[in-house]
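# Structure assessment
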Amino acid sequence: MSTAKRVRKMMASSDPAAGELPLPGDAEAALVRILSNAAPEPAQVRPRPFPRRRPVVALVAAGAVSAVAAALLALPGGSGSASAATPAPLAYHLTPEQASTDASTQILEIARTARSAAEAPTTPLGLHWQEWSLNTRDDHGNISSRVVPYDYRILDSPAGPVRERRSLGGSEKTRKDLFHPTLQDISTPQDGQALKHWLRRRTPGVDEPLGASQAVHDLLVERALSAGQRAAVLELIASLPGIEATGTVTDRAGRPGIAYSATSRESGLPTRYTFIIDPATGSVLAQEATLTETAGMLNIPIPSVTGYTVYLGSAR
C-alpha cells in the first residue's frame, strides 16, 4: 500500500471527505511527492558576534537575512544618510611608520602623552554617544535583519541623572530612565593593570579582544575619564593579544584618529574589534566591530561592520 493510501486510511475516521471519489491521478502523484520529501531542519540561530551593549544590543544573532530596513544616521557636523544594510566600512590608511612600529609601543606612547595633560574634574553628566548595531530576529522561522541607530545622553533631572535614548530614525519614542552606574567604585583606576583587574569583576574576558571591547564600552558610557584614566584604558588596549595598527582614519563623526584592532573568534565568527584613538588626548573616539572572513548565515558582504559606538564627549 502506498504512503498516501496509508495516510488516508489512518485519518479516515476524522476525514470530512471520506467516501468521496478518489483523487485524480495527478493529485495522487502530488501527494506522494509531498509525503516522500522530508521537511527541512529548522534554521539554527547563533548568538550574534558583537560586544554586549547596555541597554540595546546583546552588540546579534546570526541567521539568513533577506532584507534590512533603512535607518537614518545623523551625526554632528554632517548630513543624515540612509542605509539599507550595514554601514560602509571606514577608510583606513596605514602609513609606513605605523606598519613598521609595534602597535603596543605606539599606543603606550599615546598613553604617556595623555598622562601629561592637566584637566579639571569630570562628571558623567553630559556624556553623549551614538550606537549602531546590526540586529537579527527569528520570527516563526524567518530570520530578518535591521540596522538600529540610537543616540544616548546622560542628563540631569529633578529626580537625579537620567539616561536618554533616542532613535535616530524616529522609529521609537524617546526613552528616559534613571541613570544607575554599574561601576560603583568612587574612582576609576589610573593604571592599566589595576584597571583590567577592576573591570574583570564584571567582564571576565577583559584580557581578550571581545571582552575588552565590551568593558571599554561599558566604562566610557558611564564615566567621563581623566587624563590618567584615559591612559589606563590605552594601556589595557595595548596589552590585547594580536593588537595591530589599522591606520589613520576619520571616524563617523568626522574626527581624525588612529585605529588599532585585534581579531578573535570568541563571538563565534571571526570579528575585528577596532578602537579609534585621538593621539593628542588619548581619548577613545569610537569602537567598531567588523566581520572579517565569513558572515555565517547572515546575508551580508565581507567585510561588514556589525556595530559601532561613537563617543561624542561630555560636560566637564
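Cut-off values and rules
Residues numbered from 1 in each chain as written. Predicted model: local features only at pLDDT ≥ 70, side-chain atom pairs only at ≥ 80, totals over all residues. Heavy atoms only, no water. Core = buried A, V, L, I, M, F, W, Y, C linked by side-chain atoms within 4.5 Å. Buried < 20%, exposed > 50% of the residue type's maximum accessible area, 1.4 Å probe, protein only. Helix = DSSP H or I, 4+ residues; strand = E, 2+ residues; numbered from the N terminus. Contact = heavy atoms within 4.5 Å. Arc of directions from axis to C-beta. Polar contact = N/O pair within 3.5 Å; in protein donor to acceptor, adjacent residues only side chain to side chain.

Let's shift gears to the nonpolar core. In this structure, Leu195, Val233, Leu234, Ile237, Ile243 and Tyr260 are the most contacted members of the largest nonpolar core, which totals 40 residues. Of all elements in the fold, only helix H4 (103-115), strand S5 (142-155), helix H5 (192-200), helix H6 (209-220), helix H7 (227-238), strand S9 (256-264) and strand S10 (271-277) reach the threshold of two or more residues within this core. Ranked by residues supplied to this core, first place goes to H7 with seven residues. Those residues in contact with valine 233, other than ones at most four positions away along the chain, are Leu195, Val216, Leu219, Leu225 and Val284.

On to the environment of tyrosine 311, then. With respect to the element layout, tyrosine 311 can be found in strand S12 (residues 304-311). Residue classification places tyrosine 311 among the buried positions, given a relative accessible area of 8%. Spatially, the C-alpha atom of tyrosine 311 lies 9.3 Å from that of histidine 217, the residues being 94 residues apart in sequence. Apart from the residues within four sequence positions on either side, tyrosine 311 is in contact with His128, Trp129, Val216, His217, Leu220, Val221, Arg255, Val284, Leu285, Ala286 and Gln287.

Among the residues making up H5, those that are buried are Gly192, Leu195, Lys196, Trp198 and Leu199. Seen along its axis, H5 keeps its buried residues to an arc of 165 degrees; they face one direction. Facing away from the buried side of H5 by over 90 degrees, the exposed positions are Gln193 and His197. Looking at the buried side of H5, the elements it contacts are H6 and H7. You can read the cap of H5 off the contacts: a side-chain oxygen lies 3.0 Å from the backbone nitrogen of glutamine 193, and it is on aspartate 191.

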